[in-house]
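Summary of structural features
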Amino acid sequence: MLLIATVSLIWILPLIGIVMTSIRPEGETLKGWWNIEQFTLTLEAWREVWVNYPLWDALWNSIKIAGISSLGSILLAPMGAYAYAFLNFPGKKVSFLLLINAFVVPNQILIIPLFTLWRNIGLIDNIFSVIIPFVALSMAWAVFLVRNYLVDFPRSLIDAAHIDGCGHVRTFWSVVLPNAMTPMAAVGILQFMWTWNSLMLPMLFLRENIPLPVLLTKIKGTYEPNWDQVAVATIITSIVPLLIFLYFQKYFAAGASNQSGQKG
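Read on for an overview of the structure. Predicted model, so just to flag it, every value in this text is computed and none were measured.

**A short note on the environment of Asn52**
Position of Asn52 among the secondary structure elements: in helix H3 (residues 44-52). Overall, the relative accessible area of 46% leaves Asn52 in the partly exposed class. Separated by 167 residues in sequence, Asn52 and Ile219 have C-alpha atoms that sit 9.3 Å apart. Engagement of the side chain of Asn52 in a polar contact is seen with the side chain of Glu48, the distance being 2.5 Å.

As structure tokens, then:
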């Protein structure tokens, strides 16, 4: 118990520091947020962030980008995983190996080709200029994750659906998908966290429709660090991913019973 309490304290200390920094004048926190010899409670940093920066617009852009990207991965990854788990087609093993090799492809090598393509078709400063790469780049690990789950899926359920006259599409939607909430929840959480916190692609492809991570770079000035305002933006940025995780985590418990072929 002492070890668990120590680890929990270590993990929560940065959160306490961010909150303390956001509600105190910057001059006080420069001496260390833990220094309480002089403690002045103020919400000036919160007011400055909301008044001087398009925080609401950036929050909405982040929600749209991360939400659509996660939904795309959640819908497409199980389809690919079903094909690799239950279908037989020419080049199956080779294509799966190529898919796995996509793990090691650095995202940076795609920047110049993508920028040229988006500029030519007029997609710069459109949220789909980052959503499309986000979904495409997630397919390798997402299909791999869901496919590994489906390998242990009861084959008898698939055979029973085929005996009842179901094709692969009906079997996928009616039998496999309702019982694969656990890997879908994992894909959703991981994809949302990645796209929500991503900085490189939005900074390169977006000009006006910037998400929160890009806005954070603007709040942190070149000559003035504005640590109190950065702390405010960090808290706001962290709230939505926390809510998403709390919502999706219930599917992990449900997935254990679903994998046995029984719907909870």
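From this point, things continue past the structure.
**Quick look at the side chain of Ser70**
By secondary structure assignment, the location of Ser70 is in helix H4 (residues 55-86). Among the residues examined, Ser70 registers a relative accessible area of 5% and is labelled buried. Discounting residues that sit within four places of it in the chain, Ser70 has contacts with Gly188, Gln191, Phe192 and Thr195.

**Describing the packing of aromatic side chains**
Overall, the coordinates contain ten aromatic pairs when judged by the stated rule. For the ring pair Tyr82 and Phe172, a centre distance of 5.6 Å and an interplane angle of 70 degrees mean the geometry is edge-to-face. A residue pair is termed long-range when its members are at least 10 positions apart, and Tyr82 in helix H4 and Phe172 in helix H9 (residues 168-176) qualify at 90 residues. Of the two residues examined, Tyr82 and Phe172, each falls in the buried class. Taking NZ or CZ as reference, Arg147 lies 4.7 Å from the ring centre of Phe96, over its face.

**Quick word on the nonpolar core**
Core analysis: the largest hydrophobic core is formed by 41 residues, its most contacted members being Ile65, Phe86, Val130, Leu150, Phe153 and Val176. Secondary-structure elements contributing two or more residues to this core are H4, helix H5 (92-101), helix H6 (111-121), helix H7 (128-150), helix H8 (155-163), H9, helix H10 (181-197) and helix H11 (200-205). Here this core takes twelve residues from H7, the largest share from any one element. Core analysis: the next-biggest nonpolar cluster, separate from the first, contains 19 residues, Tyr53, Trp196, Val214 and Leu215 among them.

Rules used throughout
Residues numbered from 1 in each chain as written. Predicted model: local features only at pLDDT ≥ 70, side-chain atom pairs only at ≥ 80, totals over all residues. Heavy atoms only, no water. Helix = DSSP H or I, 4+ residues; strand = E, 2+ residues; numbered from the N terminus. Buried < 20%, exposed > 50% of the residue type's maximum accessible area, 1.4 Å probe, protein only. Polar contact = N/O pair within 3.5 Å; in protein donor to acceptor, adjacent residues only side chain to side chain. Contact = heavy atoms within 4.5 Å. Phe/Tyr/Trp six-rings, centres within 6.5 Å; stacked < 30°, edge-to-face > 60°. Lys NZ or Arg CZ within 6 Å of the ring centre and 35° of its normal. Core = buried A, V, L, I, M, F, W, Y, C linked by side-chain atoms within 4.5 Å.

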